[in-house]
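A look at the structure
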Amino acid sequence: MAIETFEKTKLTSHGLRLLAKAQAGVPITFSRAVIGDGILAEDIDPIDLTWLVHEVESHQEGTPGTCAVVDITKYEVNEDGILTIRVKIRNGDTEFYLREIGIVAIDPTDNKEYLYAYTHVKGEARGFPAFDENNGSTYVIRNIDISFLILNMSDLNVNITMPAEVSWEEFQQGLADKSNIQKNPNDETSDYIPRSLVV
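Let us look at the structure shown here. Computed from a prediction, not measured in an experiment: that's the story for all the values here. (Residues numbered from 1 in each chain as written. Predicted model: local features only at pLDDT ≥ 70, side-chain atom pairs only at ≥ 80, totals over all residues. Heavy atoms only, no water.)

**Concerning the sheet that holds strand β7 (residues 100-107)**
If you walk across this open sheet you meet the 5 strands as β1-β8-β7-β2-β11, and the pairing is mixed. With one partner strand each, in any of the chains shown, β1 (10-11) and β11 (156-158) form the two edges of the open sheet. The strands that helix α1 (residues 13-23) touches are β1, β2 (28-36), β7 and β8 (112-120); relative to β8, the one it contacts most, it runs at about 115°. (Pairing = 2+ DSSP bridges. Helix = DSSP H or I, 4+ residues; strand = E, 2+ residues; numbered from the N terminus. Contact = heavy atoms within 4.5 Å. Axes fitted to C-alpha atoms, helices over the stretch in contact; angles between N-to-C directions.)

Now the structure itself:
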C-alpha cells in the first residue's frame, strides 16, 4: 500500500494570531491533534480555515471511546524555531480515510481551542478499516510527524497524551548505541535503554 503525501503544514489565521501573542510572552498550549476525511477545495487557503473540512471523531488513549485514537506522543523544537509534533493515529470502530490533520492550541485569552496548524493529503488518501475485536481484525497504526513554525515562543506547552512512545527505528537505534551499554549491580553486562526509549 502506498503511503500518502501530506502537503506542507500551514498556520491558520488564528494560529498566526496565537504566534504573535506567544512572541509577546503569552503562554501557548498545544492541546491535541485532530484528524479528518474532508477534501480541501483548491480555491481554499488553509490560512482561512477555522477547523477541519470534515473531522473524524476521535479520542485520546486512556479516555472513554471506541472511535479512532489520536495522540501526541512527543515533540521537538529545533534551533530554527520549528516545532515537530509526532501524532499517533489508530483505527477505531468506524472506517475512514485520513485526508487531513490539524494541531489545536488553546488561546489563553478566552481559554478556547483553535485550529493552529493544518495539513492535508493531495491525491490518494490512506484508508483505515474499522476495528472489530469480535471478527479478528487488527489495529492499524500510523505515526506522522507534523512540523510548523513557532519561532522563539518563550512559554510553550505541548499536551503529551501518550508518553514514552517511540518508533521501531528509534528503539533499534537505542539498542545499537554502544554508549548505552552499562554494568548492572550484579556485574552482568546488559543493554541500557535511556528513559526516553522505554516503551
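Let us keep going from here.
**Points about the packing of aromatic side chains**
Taken as a whole, this structure holds 5 aromatic pairs when the rule is applied. Where Y116 meets F148, the ring centres are 5.4 Å apart and the plane angle is 50°; that geometry is what we call tilted. One end of the pair, Y116, is in strand β8; the other, F148, is in strand β10 (residues 141-149), and 32 residues separate them in sequence. For Y116, a relative accessible area of 0% puts it in the buried group. One aromatic cluster in this structure is built from F30, Y116 and F148. Cation over ring: R90 sits above Y139, and NZ or CZ is 4.2 Å from the ring centre. (Phe/Tyr/Trp six-rings, centres within 6.5 Å; stacked < 30°, edge-to-face > 60°. Buried < 20%, exposed > 50% of the residue type's maximum accessible area, 1.4 Å probe, protein only. Lys NZ or Arg CZ within 6 Å of the ring centre and 35° of its normal.)

Purely geometric numbers; function is a separate question.
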